[in-house]
Amino acid sequence: MPYGTCRCVNATLRASARHFRAPQAKADLMERRLIAASKLIAGLGSERERWTRDIAELEARRDRLIGDCLLTSSFLSYTGAFTATYRHAMVYDMWQDDVRERGVPLTQPFRLEALLTSDVETTAWASEGLPSDELSIQNGILTVRANRWPLCIDPQVGLGT
């Protein structure tokens, strides 16, 4: 075989090797992607269970929304000027019992603070000097959430002292 022919054969051999390596590299890339996708799908399988539980909880909360909104809006509209004892009697004894007797779904146990504020917000209020008793938290809710200017009576301020 002449010298030039050998060089030509080697070049052809190298070109053929490159030609066959390219599909192999693509196949390797696709295999790695397939493995990553399988891992992702397996990981999302556990998320499906959590999502199913979350959907069930949201549906239950949606059913209780009417009663919760009725009591919280009543609280925001009517209780600002009353004492803690009378507020508690109105919301938790009179109104809540009436809502339950009428068969309106309601979160149990019902807590105004859980529906109208968050722990983060009440902690921020406490860091600004608001006491953490129920009346003070309710006054904070009325101040922040009510549409009208609230009348809040602070029981900790002495009269005439």
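Residues numbered from 1 in each chain as written. Predicted model: local features only at pLDDT ≥ 70, side-chain atom pairs only at ≥ 80, totals over all residues. Heavy atoms only, no water.

(A) A look at the packing of helix α4 (residues 119-127) against helix α5 (residues 134-145). Where α4 contacts α5, the two axes come as close as 11 Å, and the packing angle between them is 105°. With respect to each other, α4 and α5 are oriented roughly perpendicular. Contacts between α4 and α5 involve E121, T122 and W125 from the first element and I137, G140, I141, V144 and R145 from the second. When grouped by side-chain class, the residues that make up the contact of α4 with α5 number four nonpolar, two polar and two charged. (Axes fitted to C-alpha atoms, helices over the stretch in contact; angles between N-to-C directions. Helix = DSSP H or I, 4+ residues; strand = E, 2+ residues; numbered from the N terminus. Parallel < 35°, antiparallel > 145°, perpendicular 65-115°, else oblique. Contact = heavy atoms within 4.5 Å. Nonpolar A, V, L, I, M, F, W, Y, C, P; charged D, E, K, R; others polar.)

(B) Molecular detail of the packing of aromatic side chains. Tallied over the full model, the rule gives three aromatic pairs. Aromatic side chains Y78 and W95 sit 6.5 Å apart centroid to centroid with 70° between the ring planes, which places their arrangement in the edge-to-face category. Placement of the pair is Y78 in helix α1 (residues 3-78) and W95 in helix α2 (residues 84-101), with a sequence separation of 17 residues. On the basis of relative accessibility, which here comes to 22%, the residue W95 falls in the partly exposed class. (Phe/Tyr/Trp six-rings, centres within 6.5 Å; stacked < 30°, edge-to-face > 60°. Buried < 20%, exposed > 50% of the residue type's maximum accessible area, 1.4 Å probe, protein only.)

(C) Layout of the nonpolar core. Counting 13 residues, the largest nonpolar core has F75, V91, F110, L112 and I141 as its most contacted members. Counting only elements with at least two residues in this core, the list comes to α1, α2, α3 (112-116) and α5. (Core = buried A, V, L, I, M, F, W, Y, C linked by side-chain atoms within 4.5 Å.)

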